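Architecture at a glance
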Amino acid sequence: DKGTYPFYMLKEVDEQPAVMRKLVQEYLDEDGRPTIEAGLLNEMKKADRLYIIGAGTSYHAGLVGARMFERLTKIPTQVFISSEFAYEQPIMSEKPFFIFLTQSGETADSREVLVNIKKQGWPSLTITNVPKSTLSREASYTLLLHAGPEIAVASTKAYTAQVALQAILAKALGMTCDQQAATEFDLKQQLGIVAVGMQALVDGKEKLESIASRYLSEPRNAFYIGRGIDWSVALESALKLKEISYVQAEGFASGELKHGTIALIEEHTPVIGIITQDRTAGLTRSNLQEVVSRGASVLTIAAKHLAQPDDTIVLPDVDPLLTPLLSVVPAQLLAYYTSLGKGLDVDKPRNLAKSVTVQ
Ligand code: F6R
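Residues numbered from 1 in each chain as written. Predicted model: local features only at pLDDT ≥ 70, side-chain atom pairs only at ≥ 80, totals over all residues. Heavy atoms only, no water.

Going by the annotation in an unreviewed UniProt entry, the name recorded for the protein is Glutamine--fructose-6-phosphate aminotransferase [isomerizing], with Paucilactobacillus vaccinostercus DSM 20634 given as the source organism.

In structure tokens:
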């Protein structure tokens, strides 16, 4: 039931702080130690490489997760689009472990991969929102997202739940592998900061409504740019915008724009920069300067400690691995209000279904 909300999507965006708290409660104990089953962690510890498989938004969550696994466990991690991996398996490592990310647990493209890798005898984990779903039943292990039913076709709270749960799993596995970075990562405290920060962002949603109407209601195309983990969020942000508002949006690695795509920048083309990482903030800012001088309407989503006076949205500071949990929220809201402003059916965009059970 969507209660007083006009659309499920807005309700689900608003639920994200509660989902973060729920994950802390489900997967971290009083002292912040992960409570993930030892059987799963010991199996994962044997792996020489992690393979994360997903489609759409779940693939984008995997791009963030891979950075977390590599940083906290030191196990090399690769992310694949399920429909690609299914028909072009790369040269595999000796001891692969597969992580399937799927909100619905029913995505045919992802299931195709699971069926194939099971035949090859490899172990797997499904991270899903739906208990007893097909991919949950067929994988060796399951972790549940506990995000509550997601009704809107555009995935929001499942994405942030996937990112947060991968952080918890990466910490747990890192601790199992005696990695100091994992032991020292105070995820319980950081996810608390995230929940409070998300709440502030959703409470400030009116600002995003006016930005959407001013900058995104007319243009036919838009760009999100960022580097590293911000690029991963740029991909997800662009997908949200295109699928519900029908603005053709691309997520770009900031440094790549000048290698071709900058030709598309015209007067008033919206370019939204995501700036949360110390090492790359200055570089992304200079890439934004390049598009400003070609007439683009530049908006910025910046972490507080890197913020400048005319940034559009300022995010509370959090551990650099967890910034996607905050930077994606304004992007979700921009997509929502652009769609709403155009009078579209936000929850049921054309040509799309909530779970895609054909390949
Ligand atoms: C986008 C969206 C889709 C799904 C994709 C995978 O907002 O919802 O891109 O993320 O179809 O679905 P699941 O996660 O159910 O496997």
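Further notes follow.
**A word on the site of the ligand**
Close contacts around the ligand come from 13 residues, with Ser58, Thr102, Ser104, Thr107 and Glu243 the closest. Contact between the ligand and Gln103: an oxygen atom at 2.7 Å from a main-chain N or O atom of the residue. Protein contacts shield 89% of the accessible area of the ligand, which totals 410 Å² for the unbound molecule. Counting residues per element, the ones that place at least two in the shell around the ligand are α4 (56-73) and α12 (229-245). With three residues, α4 is the single largest residue contributor to the shell around the ligand. Along the lines of polarity and charge, the residues of the shell around the ligand split into three nonpolar, eight polar and two charged. (Near = heavy atom within 4 Å. Polar contact = N/O pair within 3.5 Å; in protein donor to acceptor, adjacent residues only side chain to side chain. Areas by Shrake-Rupley, 256 points an atom, 1.4 Å probe, with all protein chains shown as cover. Helix = DSSP H or I, 4+ residues; strand = E, 2+ residues; numbered from the N terminus. Nonpolar A, V, L, I, M, F, W, Y, C, P; charged D, E, K, R; others polar.)

**Some remarks on the side chain of Ser155**
Within the secondary structure, Ser155 is located in the loop between β5 (141-144) and α8 (157-176). Given the relative accessible area of 10%, Ser155 is considered buried. At a separation of 3.1 Å, a polar atom in the side chain of Ser155 contacts the side chain of Glu150. The residues contacting Ser155, other than those within four sequence positions of it, are Thr57, Glu150, Glu236, Lys240, Glu243 and Lys354. (Buried < 20%, exposed > 50% of the residue type's maximum accessible area, 1.4 Å probe, protein only. Contact = heavy atoms within 4.5 Å.)

**As for the side chain of Ser124**
Checked against the element boundaries, Ser124 lands in strand β4 (residues 124-128). Residue contacts for Ser124: discarding those within four places in its chain leaves Phe97, Phe98, Phe100, Leu114, Ile117, Ala139, Ser140 and Tyr141.

**Some words on helix α14 (residues 324-341)**
Relative to the 26 Å expected for 18 residues at 1.5 Å per residue, α14 spans 26 Å between its end C-alpha atoms, a close match to the ideal helical length. Buried residues dominate α14, accounting for 16 of its 18 residues. Of the residues one or two after α14, Gly343 is the one with positive phi, at around 70°. (Expected span 1.5 Å × (residues − 1).)

**Here's the deal with the packing of aromatic side chains**
Tallying each qualifying case throughout the model produces ten aromatic pairs. Taking 5.7 Å as the distance between ring centres and 80° as the angle between the ring planes, the aromatic pair formed by Phe85 and Phe98 counts as edge-to-face. Taken together, the residues Phe85 in helix α5 (residues 82-85) and Phe98 in strand β3 (residues 96-102) connect sequence positions 13 residues apart. The burial state of Phe85 is the same as that of Phe98; both residues are buried. Arranged with centres 5.0 Å apart and planes meeting at 80°, the rings of Tyr336 and Tyr337 form a pair that is edge-to-face. No difference in accessibility class separates Tyr336 from Tyr337, as the two residues are buried. Members of the aromatic cluster, connected to one another through ring pairs, are Tyr51, Phe80, Phe85, Phe98, Phe100 and Trp122. Here the guanidinium or amino end of Arg350 rests over the ring plane of Tyr246, the centre of that ring lying 3.8 Å away. (Phe/Tyr/Trp six-rings, centres within 6.5 Å; stacked < 30°, edge-to-face > 60°. Lys NZ or Arg CZ within 6 Å of the ring centre and 35° of its normal.)

**Remarks on the sheet that holds β4**
Sheet architecture is open: five strands sit in the order β2-β1-β3-β4-β5, paired in parallel fashion. The two strands at the open ends of the sheet, each matched to only one other strand, are β2 (77-81) and β5. Pairwise comparison of adjacent strand axes, ignoring direction, gives a mean angle of 20° for this sheet. Bridge count between β4 and β5: four bridges; the pairing is parallel. Among the inter-strand pairings, Thr128 is bridged to a residue of β5, identified as Leu144. On top of the sheet, α8 reaches β1 (49-54), β3, β4 and β5; it is set at about 145° to β4, its chief contact. (Pairing = 2+ DSSP bridges. Axes fitted to C-alpha atoms, helices over the stretch in contact; angles between N-to-C directions.)

**Concerning the confidence of the model for the protein**
Residues at a pLDDT of 70 or more form 100% of the protein, whose mean pLDDT is 97. At the level of chain-chain contacts, confidence expressed as ipTM amounts to 0.99, with global pTM at 0.98. (pLDDT = per-residue confidence, 0-100.)

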